[in-house]
Amino acid sequence: IKQLGRSSYILGASTPLYNELINATWRVWSDFRKIDELLKEMDNSGLEFDEDTLDVLDKIKSEGEKALKGKHGEAKKLWWHTEMIRSGWNRVVEWIPLIEQRHRAAAVRLANEMDVQREELEYT
């Protein structure tokens, strides 16, 4: 989509598309660097993270926690303890608190907007 130009990117890029890209990148390649790039791209493009974004990241976090504890075998545990894998995984899961914080802020903003609308209706 990006190669087709800025307007195509703006029209075609969406949170569900990025969620699917992140999920596919995880399932097929387990490429933390690419997942981090996709999250940065979403953020820089002004796309909102949603519950599906959090779900994918929570799955990645859970998988890493299990592997680090050796629940998938010793070989996988050793692989997950390598610096490259561990640091990549950390970069990806560090997005979770930021996304959760933005969700809370959006919920508060929405609640405030609804209160203002309710007050306006009561006033008229």
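Bear in mind the structure is a predicted one, so any value in this text is a computation, not a measurement.

**Focus: the nonpolar core**
And then number 1: Ranked by internal contacts, the top residues of the largest apolar core, which has 25 residues, are F32, L57, I60 and W80.
And then number 2: The dominant element in this core, judged by the number of residues it contributes, is helix α4 (residues 51-68), at six residues.
And then number 3: Setting aside residues no more than four positions away along its own chain, L57 makes contact with L39, V92, W95, I96 and I99.

**So, the packing of aromatic side chains**
And then number 1: Within the structure shown, the criterion is met by six aromatic pairs.
And then number 2: With centroids separated by 6.4 Å and ring planes inclined at 70 degrees, the aromatic side chains of W26 and W80 adopt a geometry described as edge-to-face. Within this pair, whereas W26 is found in helix α2 (residues 15-29), its partner W80 is found in helix α5 (residues 74-80), the two being separated by 54 residues in sequence. For the residue pair W26 and W80, the accessibility class agrees, reading buried in each case.
And then number 3: Through a chain of ring-to-ring contacts, three or more aromatic side chains come together here, namely W26, F32, W79, W80 and W89.

**Digging into the pattern of salt bridges**
And then number 1: Going through the model one piece at a time under the given rule, you end up with seven salt bridges.
And then number 2: Through salt bridges that share partners, R33, K34 and E37 make up one connected network.

**Topic: α4**
And then number 1: Compared with the 26 Å implied by 1.5 Å per residue over 18 residues, the 25 Å span of α4 between its first and last C-alpha is a close match.
And then number 2: Of all the positions in α4, only T53, L54, V56, L57, I60, G64, A67 and L68 are classed as buried. One face of α4 carries all of its buried residues, which in axial projection span an arc of 165 degrees.
And then number 3: The inward-facing, buried residues of α4 contact α2, α3 (32-45), α5, α6 (83-93) and α7 (95-123).
And then number 4: Downstream of α4 by one or two residues, G70 has phi in the positive range, about 85 degrees.

**Examining the environment of D50**
And then number 1: If you trace the backbone, D50 turns up in the loop between α3 and α4.
And then number 2: As a C-alpha pair, D50 and H103 span 53 residues in sequence and 7.8 Å in three-dimensional space.
And then number 3: If we ignore the near neighbours within four places in the chain, the residues touching D50 are T15, N19 and H103.
And then number 4: Among the polar contacts made by the side chain of D50, one reaches the main-chain amide nitrogen of T53 at a distance of 3.0 Å.

**Things to note about unusual backbone geometry**
And then number 1: Its identity as a non-glycine residue notwithstanding, S30 has a phi of 50 degrees, on the positive side.
And then number 2: Relative to the elements of secondary structure, S30 occurs in the loop between α2 and α3.

About the thresholds
- The residue numbering used here restarts from 1 in each chain and proceeds along that chain's sequence as written.
- In view of the model being predicted, local features appear only for residues whose pLDDT reaches at least 70, and side-chain atom pairs are presented and counted only at 80 or more, with totals across whole chains, interfaces and linings using the full set of residues.
- Side-chain figures throughout are based on the complete set of non-hydrogen atoms in the structure, without hydrogens or water.
- To qualify as a nonpolar core, a set must consist of buried Ala, Val, Leu, Ile, Met, Phe, Trp, Tyr and Cys residues joined through side-chain atoms within 4.5 Å.
- Burial classes follow relative accessibility: with a 1.4 Å probe on protein chains only, a residue under 20% of its type's maximum area counts as buried, one over 50% as exposed, and anything between as partly exposed.
- What counts as a helix is a DSSP run of H or I of at least four residues, what counts as a strand is a run of E of at least two, and both are numbered from the N terminus.
- In what follows, a contact means two residues having at least one pair of non-hydrogen atoms within 4.5 Å.
- When two rings of Phe, Tyr or Trp (its six-membered ring) have centres within 6.5 Å they constitute a pair, described as stacked for plane angles under 30 degrees, edge-to-face for angles over 60, and tilted for the intermediate range.
- Between Lys or Arg on one side and Asp or Glu on the other, a salt bridge is scored when a side-chain nitrogen of the former is within 4 Å of a carboxyl oxygen of the latter.
- Given the number of residues in a helix, its expected span is that number minus one, multiplied by 1.5 Å.
- What the arc describes is the spread of directions from the helix axis to the C-beta atoms.
- Counting of polar contacts relies on pairs of N or O atoms within 3.5 Å, with two restrictions inside protein: one atom must be capable of donating a hydrogen and the other of accepting it, and residues adjacent in sequence are counted only when both atoms are side-chain atoms.

Honestly, it's all geometry; don't read function into it.
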